[in-house]
Amino acid sequence: MQVSEDGLGVVKRHDRVLLVMFLLTLFLCLILPQAAASAPGTWAYTPDNLTTARRNHTATLLPDGKVLVVGGTNSSPDTIYYRSAERFDPADGSWVTVASLPADLGRSYHSATLLKTGQVLVAGGVGGNNQFPSYLTSAQLYDPINNTWTPTGDLKAEMVGHTATRLKNGQVFVFGG
């Protein structure tokens, strides 16, 4: 460092570069690792398993941060359409069985949409058995507070493998299938 006549330090260009490099190194060593530790993209197994192994089901994030898994099928040639539902708690990795869909309403390839009320609308899909599957128009509302299912208005047509998106006005837009 060069010293001026008044005794105050005058920082040379070389010293400024060293200071910037020091600050950058400090940032990279102290701040960046903390951000990287919480970065997404890391996969992990849950400590617990689903009560029922399933495929072609839905999984819906609930307002309390838990995940509702509904319906689906087994993977054997004699297809079983599940009525069962489970709730996953990411805080402790546990699965809890919740109320099943009403009798004869096991389904897969359906949609599940979180409504503004916190309820989940499950609609359409396919159910029945492997030899005589039924394409469904029925819809049910799941209330996570009371752990109950309530029938609601049917779809205008059978829908399988469709999408259902809640619009800003609260209505649900069902498309495809």
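As a reminder, the structure under discussion sits directly above these lines.
In what follows, the accompanying structure is described. (Residues numbered from 1 in each chain as written. Predicted model: local features only at pLDDT ≥ 70, side-chain atom pairs only at ≥ 80, totals over all residues. Heavy atoms only, no water.)

1. What to know about the sheet that holds strand β8 (residues 120-123)
Then, in step 1: In space, the 4 strands of this open sheet follow the order β7-β8-β11-β12, with antiparallel pairing throughout. The outermost strands of the open sheet, each flanked by one partner alone, are β7 (111-114) and β12 (148-152). The average undirected angle you get between the axes of adjacent strands in this sheet is 25°. (Pairing = 2+ DSSP bridges. Helix = DSSP H or I, 4+ residues; strand = E, 2+ residues; numbered from the N terminus. Axes fitted to C-alpha atoms, helices over the stretch in contact; angles between N-to-C directions.)

2. Quick word on the packing of aromatic side chains
Then, in step 1: On inspection of all chains with the given rule, the structure shows 3 aromatic pairs.
Then, in step 2: Summarising the aromatic geometry, the rings of Tyr 142 and Trp 149 are spaced 4.9 Å apart at their centres and angled 50° between planes, so their arrangement reads as tilted. The two residues Tyr 142 and Trp 149 agree in class, both being buried.
Then, in step 3: Taking the centre distance of 5.8 Å and the plane angle of 15° together, the rings of Phe 173 and Phe 175 count as stacked.
Then, in step 4: Residue class for Phe 173 comes out partly exposed when judged on its relative accessible area of 45%. (Phe/Tyr/Trp six-rings, centres within 6.5 Å; stacked < 30°, edge-to-face > 60°. Buried < 20%, exposed > 50% of the residue type's maximum accessible area, 1.4 Å probe, protein only.)

3. As for the pairing of strand β6 (residues 94-98)
Remark: a regular strand shows side chains that alternate across the two faces of the sheet.
Then, in step 1: Relative to β6, strand β5 (residues 85-89) runs antiparallel, the two sharing 5 bridges. Along β6, the bridge assignment pairs Phe 88 with Trp 95.
Then, in step 2: Between β5 and β6, which pair antiparallel one after the other, the connecting turn spans 4 residues, and Gly 93 there sits at a positive phi close to 75°.

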